[in-house]
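Structural characterization, general
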Amino acid sequence: MVAMEAKGWIGASVPRREDARHLLGQGVFAGDVTAPGMLELAFWRSPVAHGRIGAVTRPAGVFGAGEIGPVTLLPAGPDMPGFRQAPYPPLADGVVRFVGQPVLAALAATRGAAEDLCARCEVEIAPLPAFADVPAALAPGAAVLHPGWADNRYGSGHVKAGDVAGLDAPIRIRRKLGLGRQSAAPMEPRALIAVPDRRTGELVLHISSQGPHVLRHALAAMLGLPESRLRVVAPDVGGGFGAKNRLMPEEVVACALALKLDRPIRWVEDRREHLMAGAQAREHLYDLTLHATRDGIALGIEGELWVDAGAYALWPTGAFAEAGMAARNLGGPYGIAHLDVRHHTVATTKPPMGPYRGVGRTGACFAIERLMDALADEVGVSRYEIRRRNLIAKLPHVTAAGMTLDTGDYPAALEACVGMLDLPALEARRAAGERVGVGFAIYTEQSGHGTAEWAGRKARVVPGHETATLRMHPDGSLTLLTAIHNHGQGLETTLAQIVAEELGLHPEAIAVRHGDTGLSPFGFGTFASRSLVFAGGAAKAAAEMLGAKLRRIAAHFLQADLALVELRGGRAWAGAASLPLVDLAHAATMRQERLPPGEPPGLEATADYCPPEDAGVFSYGVHAAVVRVDAETGAVALEDYCVAEDCGTMINPMIVDGQVKGGVVQGIGTALTEELRFDAEAQPLSTTFADYRLPDAPSLPEIRVLHLVTPARCTVHGAKGVGEGGAIAPPAAIASAVEQALGLGMVVTATPVTPRRVLSVLP
Amino acid sequence: MIPAPFTLRRTADWDALPALLEDALPLGGGQSLMPLLALRLAEPAALVPLRDLPGLSEIAERDGALWIGAGVTHARIEDGIGPVPLREWLSLVASGIAYRPVRNLGTLGGSLALHDPASDWPVALLALGASAVLRQGDMRRVLLVEKFCTGAFATALQPGEVIEAVTIPIPATGTRFGWCKLAPAPGAFAEALAGVLHAPGAAPRIAVASPAGARLMPEAPPPDDPHLARLRDVAIRRAGA
Amino acid sequence: MTRLCVNGETHDLACEDRDSLAGVLRDRLGLTATRIGCQHGSCGACNLLLDGVPVRGCLVPVALAEGQAVTTLEGLRDDPVMIRLREAFTAHHALQCGYCTAGMLVAARDLILRGRATSAAEVRAGLAGQLCRCTGYDGIVAAVLQAAQ
Ligand SMILES: Cc1cc2nc3c(=O)[nH]c(=O)nc-3n(C[C@H](O)[C@H](O)[C@H](O)COP(=O)(O)OP(=O)(O)OC[C@H]3O[C@@H](n4cnc5c(N)ncnc54)[C@H](O)[C@@H]3O)c2cc1C
Ligand code: FES
Ligand code: FES
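Residues numbered from 1 in each chain as written. Chains lettered and ligands numbered in written order. Predicted model: local features only at pLDDT ≥ 70, side-chain atom pairs only at ≥ 80, totals over all residues. Heavy atoms only, no water.

1. Some remarks on the overall build of chain C
- Helix and strand counts for chain C stand at 5 helices and 5 strands.
- Going residue by residue from the N terminus, the α and β elements of chain C occur as β-β-α-β-β-β-α-α-α-α.
- Computed over the C-alpha atoms, the radius of gyration of chain C is 15 Å, within 12% of the 15 Å expected from 2.2 N^0.38 for a compact globule of 149 residues.
- If you line up chain C on its principal axes, its C-alpha atoms span 45 × 25 × 20 Å.
- Counting every position in chain C, which comprises 149 residues, the buried fraction comes to 68%.
- Sequence-distant contacts, at least 24 apart, represent 55% of the contacts inside chain C between residues at least 6 apart.
- Summed over its atoms, the accessible surface of chain C is roughly 4,500 Å², and 48% of this surface lies on carbon and sulfur atoms.
- Distance between charge centroids for chain C: 6 Å, based on 14 positive and 15 negative side chains. (Helix = DSSP H or I, 4+ residues; strand = E, 2+ residues; numbered from the N terminus. Rg over C-alpha atoms; globule rule 2.2 N^0.38 Å. Buried < 20%, exposed > 50% of the residue type's maximum accessible area, 1.4 Å probe, protein only. Contact = heavy atoms within 4.5 Å. Areas by Shrake-Rupley, 256 points an atom, 1.4 Å probe, with all protein chains shown as cover. Lys, Arg positive; Asp, Glu negative; His and termini not counted. Charge placed at Lys NZ, Arg CZ, Asp CG, Glu CD.)

Printed below as a string of structure tokens:
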């Protein structure tokens, strides 16, 4: 228990209430849930990247497309006419389009037995051409992956502002850049169990999901169920990072079979399935030209970018935000006024792309920061100096792509980050022949963006609001119901802090429940760094409503002027007189005859919140990586990693640090080790953790974090989102540091910066 | 990722072992075999755990050599067995293999028997001039590691035969040993491995990982991949050749 | 029948020989603290103790655990090192989603008991192969150092 006076919960590093259950091993994840009579599901998955399904031989207990009950496919991708449709069938129907695509579903008493059934299936597949990457998919004369398409693009867009062509800039730097393909790889793979509830007539789905309400909407539509008969529960979720925020075929199949057979069906994804057929992320290609003045002022960017979105668009919005966001964020934190960038979302015979922490911006940041480094080299100033010259000095600033960078001080963050390093010492080591180097990268992270922003992106689901219900029980205890989801972000703790602050209570007095469509009001879940801003706003509003009612009742009981009543320490005070809240709660619920005249009974408030500014708020930060490179082996060792960041007011600084550090380490994975590789036939080569390497403790330095705090103007308590920022800048910072260590110019153009890549750029 | 069905046949009787192994695979620590089975890359009808066989975890010094039972785990070696300096050399090699919970079960015999071309023990044992003691029922034969390792994932083991122990000659005073493992991360399988034994008055004995498994230089075939070939040269140099 | 001794209790279970110890503990005994993150030994979520020594529960065929004492996180509730680790993990924000936590605790306890938690570098080295996707490890390293004091 933290000793702390009421009215001090905002900004307190309150230890997380979530910890206790996990430390005792008592967290409950979807894969822990069982039901009597349940069957386990396994999938027979396509062994080839593209082909036409012929004869199928299979034992009893194995279901193919069309045999799992009625399923209606939903349109997916942005809601705009030009975007080509490629709905993802729960089981392949006639054609398979990536290795790992579910073709047959096997049910048995144990997972092992279900896999045995799969082993006995024989499926003839006549091969069709595979497109393992964007160039192959867009090659002239390439076959098309989906019927009726003119070429293998889902769609293209154009971000244009100013007049790049008319700039006539003296410096033009053209570079081709790329980001590797990744898996979000939460430690808990996906898992689900669908259980028909005979009493209520509901199908109850426990699933590892970031957003149960939105998932329910889609599943119900596909299965032809009223939403009132589908309850989706996301219990403890072992990390999401975007990978658990799309409708996937496995849950459709499991629910359909549970309905068809009237039995509980469980599916627990194994790691190979996750790496082979889970949502994938990141793979971007850029061909960009930076236009600049001779003294290194960047003026404009033109060119194209391509996103390898894989074979299908995942509901709701597919990977479209990826390309559009990358294009719109290319200006980064710099005052680049001219933008002329075409972006393409391309279909390949690889697993569908989904969102992953940093969406779009990790690529955009890599691209602009690499170009800035190239510009520094070109005009002969340091990579620090080029940033100092180009950073937007005064906020708010409307970028060329129309985003309003709201509050903060970017140059101050750069100086703060530099101040964390001992650059002269590093220089001395370099002078002594050590291959060490430092690299900088700067990012901005939009969060809390509302209706107009999402609608403008043609999102099929517009997560522009969030609702919270706060209920005071007759004994004075409280429950907050919210539809965001907490899977590591500490929201059970921080939302309680926000309510506690409002009602003058200790956070422990407030239970927080989430992740269950049967409990909470409708809401969108946790993604896009939105939860604290949205659900925090809704929780605060609900607490204000409830607090107002408590004060009214207290004024009546204490015979005091309402304006004098305040809530503090679990009591309502009017001067020296006070009453415990439990008395008020009891009256409002059990003894309503005691209420002031006209006051309706009950102590429950439901509030909806949309941020007052749709454009959202922008966190930002400067990252510095210090690396040592082994020029013989190409190995890159991270010696130091510094972050100077500003996410506005911190509700719980300890949790903010955790979000930043966790994000940074994922970004380090992007930068150095993680890559889903494929061969020319689009066969996956990284299907275990031995091949898909996540960063582990010995490979990392301590991540040092410094906070600048510029409160946002429009959000609750001035907080900004902080979930994704850490993951955006590391590839750019590390690539730059590697070059300095090797005494090279801008030569690292792709991630991950593996030893192989390092050696390949050495002269 | 569940193995195809198999039965586990336990035995503590060396004489019963060959018959039990007719349609079965021996099971050491399972740290390589269980992942292979989970991926259904092998589907044996049965497994026969070796750990109950008498003497399988024995460690002894005899006839100028260190005898290490095939069932001795990497962790036990890491914590120190045998006389100095061999003790330190072996500990160094063992501590670089996988992670402690894996080392607690993975065995010296299992590593050598599998002869994964990226694994540590075959190269280290080859450098140290070790021999494998092979046993079938009560018949034993002893093969130098260079004879035992016939190719990647291939050994001289006959059906029904298992590794009972490894023997390592106690090095002469003044002998030095160098070891270099280049891997993408600590505990990961190597991209290049080299072990070098400098006995006084003798040419250095250099063992490396190669596409054909553990081999002595200079006859070890080079990796096809130029990057790996380059790493191997670095490893040999860093091992102190 | 497979006879397992888990956290001091004996259970006779009809399992298949191919079942992993971690799978049986989770599905048959409801001991779900032992988590599964990869089933190939690489992540450490399934760490548990076999005769007091940490092993990967996903790589042990259940029948092989017969005759050995199996201890899961549930069985370490009152372990003094574990009590210190739990306090330190909370104080240092060493967990976020909690999925890696049980395996991490089992590995950390072993480092402390073997005297291999005397510096940050040593703790990091000792936690090789213990994957956490959420925290970036700093909090875990600090917590293990504190608990080792
Ligand atoms: C995550 C992870 C990382 C790893 N990293 C490394 C690494 O960096 N370097 C490395 O070298 N290894 C590594 N390994 C493999 C590990 O060292 C294994 O312990 C070893 O390869 C096999 O030993 P085992 O006792 O577990 O054998 P098993 O897995 O039980 O058996 C392996 C093979 O040998 C046979 N076999 C076992 N014992 C005998 C015997 N006595 N006689 C005849 N045949 C036998 C089996 O039938 C099987 O075919 C790693 C393993 C894992 C899970
Ligand atoms: S589940 Fe056992 S190590 Fe990953
Ligand atoms: S806390 Fe989520 S994986 Fe470690």
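2. Focus on the sheet that holds strand β3 (residues 46–49) of chain B
Residues and elements named next belong to chain B.
- Spatially, the 3 strands line up as an open sheet ordered β1-β3-β2, and their pairing is parallel. In this open sheet, the two edge strands, each paired with only one partner strand, are β1 (7–8) and β2 (24–27).
- Note that β2 and β3 share 4 bridges and pair parallel. Note on β3: the bridge partner recorded for leucine 25 is leucine 47. (Pairing = 2+ DSSP bridges.)

3. Brief notes about the interface of chain A and chain B
- With 18 residues of chain A in contact, the opposing surface of chain B contributes 20 residues.
- The largest share of the area that chain A buries against chain B comes from Glu632, Arg693 and Arg756 of chain A, three residues that together contribute 34% of it.
- In this structure, the connection of chain A to chain B is made through 6 salt bridges.
- The interface formed by chain A and chain B includes 11 residue pairs in polar contact (both at pLDDT 80 or more).
- At the level of elements, α2 (111–119) and α18 (755–761) of chain A are the ones that each hand at least two residues to the side of chain A that touches chain B.
- Broken down by element, the side of chain A that touches chain B gets its largest block of residues, 5 residues, from α2 of chain A.
- Broken down by class, the residue content of the side of chain A that touches chain B amounts to 6 nonpolar, 3 polar and 9 charged. (Buried area = accessible area lost by both parts, 1.4 Å probe. Salt bridge = Lys/Arg side-chain N within 4 Å of Asp/Glu carboxyl O. Polar contact = N/O pair within 3.5 Å; in protein donor to acceptor, adjacent residues only side chain to side chain. Nonpolar A, V, L, I, M, F, W, Y, C, P; charged D, E, K, R; others polar.)

4. A few points about the packing of helix α3 (residues 101–113) of chain C against helix α5 (residues 138–148) of chain C
All names here are of chain C.
- In the contact formed by α3 and α5, the axes pass within 10 Å of each other and the chain directions differ by 40°. The angle between α3 and α5 falls in the class oblique. Seen along the crossing, α3 lies across α5 with a hand that is right-handed. Contacts between α3 and α5 involve Met104, Ala108 and Ile112 from the first element and Ile140, Val144, Ala147 and Ala148 from the second. (Axes fitted to C-alpha atoms, helices over the stretch in contact; angles between N-to-C directions. Parallel < 35°, antiparallel > 145°, perpendicular 65-115°, else oblique. Left-handed = near helix turned anticlockwise from the far one by under 90°.)

5. Concerning the domain arrangement of chain C
Residue and element names in this part refer to chain C.
- According to the domain assignment, chain C consists of domain 1 (2–75) and domain 2 (78–148).
- Here domain 1 and domain 2 have C-alpha centroids that lie 21 Å from each other.
- Contacts between domain 1 and domain 2 engage 14 residues on the former and 12 residues on the latter.
- Here domain 1 packs against domain 2, burying approximately 1,100 Å² in sum over the two surfaces, 58% of which is carbon and sulfur.
- Seen at the junction of domain 1 and domain 2, the total is 7 residue pairs in polar contact (both at pLDDT 80 or more).
- Breaking the side of domain 1 that touches domain 2 down by element, the ones donating at least two residues are β3 (47–50) and β4 (53–56).
- For the side of domain 1 that touches domain 2, the element with the most residues is β3, which contributes 3 residues. (Domains from an automatic or database assignment.)

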